[in-house]
Structure formats: C-alpha cells, structure tokens
Amino acid sequence: MKKIRFAHLGCLLAMGAFSGCLSGTTDPADSAVDTTTKVAPSKLTVAALYSDYTSYGVARLVDGVVVDSFAIQGAKGSGAVLGASGRTLFVINQATSAITAYRDGINDKAHVVFDVNVGKGTNPYQALQVGSKVYVVRWETNNLLVLSAATGDSIGSIDLSANANAEGAVKPSKALFAGGKLWVLAQRTRADYSYDSAIVVAVDTSSKVAARGVVLPGSVNSQDLAEVAGKLYVVSHGTWDTTQSNAGIDRIDLATGKWEATIGGLMSKNKPTGCASVAGKLWVAVARDNWASKVELVNFDLSTGALGAPVAGLQGVGPLAVSGSRLWAGNKASGDKQAVVEIDPLTGIVLQSTKTPLPPTDLAILP
C-alpha cells in the first residue's frame, strides 16, 4: 500500500488560493503525517469537495461546521470527485487515477481503508459500492472495474462494449444501483466532442458482459440519474448551445427496462445538470440560458413535467446529495455565498448554510 501524505488544516484555511499549500493524498517518497487533531464523527457528516479548478480540497462538515479539511495533490487540470458508502468516503483523483477510501471520512493514516490506482489515463468518474464490491466508472474505458471494498484489490470487470458508438466509444459517466441492477449512463461522446444519443445500460452485476442498453431518443450529454417510485429519471444537458432541443429528462421503467417518455418535452435554454430524489420528489439543477452562473435548483413535477420555482438565495447550484429525507446542494456562487446548504425537500426552504473555502464541486454523505 502507498504511503499517504496529509495536508495541515491550518495551512488550508489560512490561504484563499492554497498556492504552495497542497500536500496531497499520495506520495510514495514522503512519510510525513499531519498531527492535526481530527474530530471523531458522532453525527451525520457531509463531505464537500471544493475547488477553483486549480486547487482541490475536501472539507468534513458536522452540524453545519467545518471540523477538518485536507487537500488533494495533482488534481489540477483534471479534477476530483467524491463517493460514499456508509461511513466510507471515496476520494477520486481523476488526474492520477487514484482512489483513496477513508473510514469515517477522516484523512489520517489510521483511517485509510485502501489507496489504489485504477489505470493511468482512465479518468475515473465514480466509485459506487454495492455490498462487498466497488464498481468504478471510468470515462476512458469500455468497462466497469470491480474492486474489493475491503482491500481495493481488482477482482474483475464488466464489459460495456455493446453500447459503443460508431467510433467504438462508450464513455460511461455515472451509475446508480436500483431495482437489483446497476444502471450505467453511457455518454457516447465522439472524438470531436460531439455526441451520439445517450444510452442507459442495465448491468447484471453477476455477469461479465453487459447487453445493449436503452437509447434516450434525442437526449445527448447525459449528466445524472435518480430513482423515484420504480422509475429511473435521466437528466441530459444537451449540446453547449441554446438553439437545439437535445436536453431533457427521460423516464425509464425499472421493471421492464423500457424507455417511456421524455417528460415535458425536450429543453433548449433550460439545461439540466444534475438531479436528486428525496421524499418522493425529483429535484433538478437547471442551467438557464446555458450559463453556469445561472444554475438554479427546482422541483420537477413528475406528472406534468413542469419546472417549479427555484430555491431562493442560491446561485450557480452545483452538486446535490441526499440522505434519508434530507437534501443538500453545493452553492458555487463567489464570495461569502459559496457554501453547502441544507434544503427542506418539501418546501424548498434553505435550512442551513455552511461556507466552504472554495466553491463546492461535489458532495458525499456519511450517515
């Protein structure tokens, strides 16, 4: 196992840009360990990845307070994402293709479950634990990598090639376990970064090869998916313009595995960027006129396809996360408004806001 190098909290919080302050997640040549006191988790923990797309760090929030924080080395230019299963936090460095699992989300040597590399240049997008296995979605490969959740050892893979476009690219980007299957989004991006129609693949986790999935008619550049009452909802951003109607929210029946509809019709200027299911409702982050600074959080009416009024006080809504009947969003607005906010999913009212050192770009919940 690689040695782990840790950032000092005082250094992180003292510097707005964090230049020269990053010490990273992995460095085989360094044995230094941060002696900062780590607060033992006693309540639900929100892990927030924050970034200015030059520096990356992870903050641990308990009861609306940042209790500790650490930086991620080498993510500059490529990025990082988070995942969680129970009290295990997965920190994914997309530039180095490293996945580090931390028990209770605490970044010290005693809490590292595993630290593994999942293939140079594979660009991992997600680590999703189901039972004793972790399924790794890698954008630059045509398969899912399967790891042991206990050790991080590779124990197999699942071939997604049946869903490739004419150029042989699947470009898997997201996965969700629902209805006893692993549902995987295939963006099917071409070499020139244009898109073929997205496909959602129902993966039998006992198989080594996935069959052809469900084509989303007209929807391209799929971003996220959520399950509500036996239906799978897929949000697609569409192309980066406001003239073509190729963004939308598609519905698939989990029992039959069949596409049913694009509810509300395909969108042009309203571009969905993410979604979350909570309390029987579907909340959607929607970019207005394709501008990242105008991303709003709205409730999506499952019957009519109507977009509700945006949650007041949020600008540039980023990641969404759910635990039980509780909903969180990353507010990526600049200045004092960059924060992780908890929202009442029934009323859309902001209940709590916790400022982060930089804009939050991903969230994970440790219940």
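To be clear, the structure that these remarks concern was listed above.
Residues numbered from 1 in each chain as written. Predicted model: local features only at pLDDT ≥ 70, side-chain atom pairs only at ≥ 80, totals over all residues. Heavy atoms only, no water.

**Student:** Is there a simple way to explain the pattern of salt bridges in this structure?
**Tutor:** Side-chain pairing between opposite charges can occur once the charged atoms of the two side chains come close. According to the stated counting rule, one finds eleven salt bridges in the structure shown. Notably, a salt bridge pairs Lys43 with Asp63, separated by 2.9 Å at the nearest N-O pair. Taken together, the positions of Lys43 in the loop between α1 (9-14) and β1 (45-51) and Asp63 in the loop between β2 (56-62) and β3 (65-71) put the pair 20 residues apart, joining distant regions of the chain. A relative accessible area of 45% places Lys43 in the partly exposed class. A residue is classified by how much of its surface remains accessible, and Asp63, at 49% relative accessible area, is partly exposed. A salt bridge links Asp104 to Arg87; the nearest nitrogen and oxygen atoms lie 3.2 Å apart. Of the two residues, Asp104 is situated in the loop between β6 (98-103) and β7 (112-117) and Arg87 in the loop between β4 (80-85) and β5 (88-93); the sequence distance between them amounts to 17 residues. In the salt-bridge network here, residues are joined through shared partners; they are Lys231, Arg251, Asp253 and Glu260. (Salt bridge = Lys/Arg side-chain N within 4 Å of Asp/Glu carboxyl O. Helix = DSSP H or I, 4+ residues; strand = E, 2+ residues; numbered from the N terminus. Buried < 20%, exposed > 50% of the residue type's maximum accessible area, 1.4 Å probe, protein only.)

**Student:** Can you walk me through the pairing of β5 in this structure?
**Tutor:** On any regular strand, side chains alternate: one points to one face of the sheet, the next to the other face. Of all six residues in β5, six are buried; the element is thus mostly enclosed. Because side chains alternate across β5, one face comprises the buried residues Thr88, Phe90 and Ile92, and the other comprises Leu89, Val91 and Asn93, equally buried. Note: β4 against β5, six bridges, orientation antiparallel. Considered in β5, the bridge of Leu82 is made with Val91. Between β4 and β5, which pair antiparallel one after the other, the connecting turn spans two residues, and Gly86 there sits at a positive phi close to 60°. Note that β5 and β6 share six bridges and pair antiparallel. Looking across to β6, one finds that Val91 is bridged to Thr100. The antiparallel pairing of β5 with β6 creates a hairpin that spans four residues between the two strands, and Ser97 there sits at a positive phi of about 60°. (Pairing = 2+ DSSP bridges.)

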